[in-house]
Amino acid sequence: MIRSILLVLVLALTACSSDVQKAKELLADSLVITADLQFQEVTGYKGDVVCGSFSATTSYTSQPSVNQPFIVLGKKLDKSPSPLEWQIYCSNTPAIVLHENTGIGPFDKTSAELIKITKDFTLLTSAMEAYYTDVFSYPSEEQGLLALVSKPEGNSRLKNYREGGYLPQLPQDPWGMPYLYSHTQWGRVKAPFEITTLGKSGEAGGSGLEADVYSSLLPYLKHIFEILSND
């Protein structure tokens, strides 16, 4: 029994070491100059994440970067993580961090509402991107999320709208309310959209089940859900 536990620990440490090395190589490959590259405190975390910092001369015309944080999530490198990205991804308790910063959760295996919201946001954002690929814009706020189900009338720009729409029907939030949609159009620039549930209360603000949840937080929700699924 003890031998089996030790073997599991050895394999875990070996995998972690490999992930850290791959992250360092990915960071190094992104730099033009690597002669004076140094790493500080590079560590692996749950959910296929490696966090650390580096110092290097990254340009012949600018000052060297010193203790510049970076995150590798899967195979994606982020050399300018936001404070919230750093706190959540570079933590062994990301659900607690999310709760402390947003009031959402705590997200655990019993959080049926947050699991549904995560799946619904994933479905809706995927449909939105498919819509954008065909139409070259997101639905207007007036058209709303219903534009994913049926073609809005009176818009000649929708000639490439997919026959049958992008979803058979719209999901509702865990409390039976429609998800809210907002989008500010910036001419021909791809501006972001936001899908929101106001939680159990149906009113802005709150924490726990009453907290507002935004689709811009979906990467964090998916990260936590993946960790929970693999534990």
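Residues numbered from 1 in each chain as written. Predicted model: local features only at pLDDT ≥ 70, side-chain atom pairs only at ≥ 80, totals over all residues. Heavy atoms only, no water.

Attention now goes to the overall build of the protein chain. Broken down by element type, the protein chain carries five helices and seven strands. Listing each helix as α and each strand as β along the protein chain from the N terminus yields α-β-β-β-β-α-α-α-β-β-β-α. Counting over 231 residues, the protein chain shows a buried share of 39%. Taking as baseline every contact in the protein chain between residues at least 6 positions apart, the subset at least 24 positions apart corresponds to 47%. Accessible surface, the protein chain: about 13800 Å² in total, of which carbon and sulfur atoms supply 54%. Looking at the protein chain, you have 18 positive and 25 negative side-chain charges, and the mean spots of the two groups are 8 Å apart. (Helix = DSSP H or I, 4+ residues; strand = E, 2+ residues; numbered from the N terminus. Buried < 20%, exposed > 50% of the residue type's maximum accessible area, 1.4 Å probe, protein only. Contact = heavy atoms within 4.5 Å. Areas by Shrake-Rupley, 256 points an atom, 1.4 Å probe, with all protein chains shown as cover. Lys, Arg positive; Asp, Glu negative; His and termini not counted. Charge placed at Lys NZ, Arg CZ, Asp CG, Glu CD.)

When the terminal C-alpha atoms of helix α4 (residues 112-135) are compared, their 34 Å separation across 24 residues agrees well with the 34 Å that a helix rising 1.5 Å per residue should span. Positioned one or two residues after α4, phenylalanine 136 has a phi angle of 70 degrees, which is positive. (Expected span 1.5 Å × (residues − 1).)

This part takes up the packing of aromatic side chains. As enumerated under the stated definition, the model contains ten aromatic pairs in all. Considering the side-chain rings of tyrosine 131 and tyrosine 161, the 6.0 Å spacing of their centres and the 80 degrees angle between planes classify their relative orientation as edge-to-face. Of this pair, tyrosine 131 sits in helix α4 while tyrosine 161 sits in the loop between α4 and β5 (180-183); the two residues are 30 residues apart in sequence, bridging distant segments of the chain. Here the two residues tyrosine 131 and tyrosine 161 agree in accessibility, since each one is buried. Every member of this aromatic cluster is reached through a ring pair, and the members are Tyr132, Tyr138, Tyr181 and Phe193. The ring of tyrosine 132 is capped by lysine 190, whose NZ or CZ atom sits 4.5 Å from the centre of that ring. (Phe/Tyr/Trp six-rings, centres within 6.5 Å; stacked < 30°, edge-to-face > 60°. Lys NZ or Arg CZ within 6 Å of the ring centre and 35° of its normal.)

For the rest of this paragraph, the subject is the sheet that holds strand β1 (residues 38-45). Note on sheets: strands pair through backbone hydrogen bonds, and any given pair is parallel or antiparallel. If you trace the four strands from one edge of the open sheet to the other, you get β1-β2-β3-β4, paired in antiparallel fashion. The open sheet terminates on both sides in strands that have one partner only, identified here as β1 and β4 (76-78). Averaged over all adjacent pairs, the angle separating strand axes in this sheet is 20 degrees, with direction ignored. Sheet analysis places β1 next to strand β2 (residues 49-56), joined by six bridges and oriented antiparallel. Looking across to β2, one finds that glutamine 40 is bridged to serine 53. (Pairing = 2+ DSSP bridges. Axes fitted to C-alpha atoms, helices over the stretch in contact; angles between N-to-C directions.)

Once that is clear, we can look at the pattern of salt bridges. Summed over the entire model, instances satisfying the criterion amount to four salt bridges. Residues lysine 46 and aspartate 231 are paired through a salt bridge, measuring 3.8 Å at the closest nitrogen-oxygen approach. With lysine 46 in the loop between β1 and β2 and aspartate 231 in the segment after α5 (218-230), this pair connects stretches of sequence that are 185 residues apart. What makes aspartate 231 exposed here is its relative accessible area of 53%. Residues glutamate 129 and lysine 190 are paired through a salt bridge, measuring 3.1 Å at the closest nitrogen-oxygen approach. Taken together, the positions of glutamate 129 in helix α4 and lysine 190 in the loop between β5 and β6 (193-197) put the pair 61 residues apart, joining distant regions of the chain. The exposure class of glutamate 129 is partly exposed, given its relative accessible area of 32%. (Salt bridge = Lys/Arg side-chain N within 4 Å of Asp/Glu carboxyl O.)

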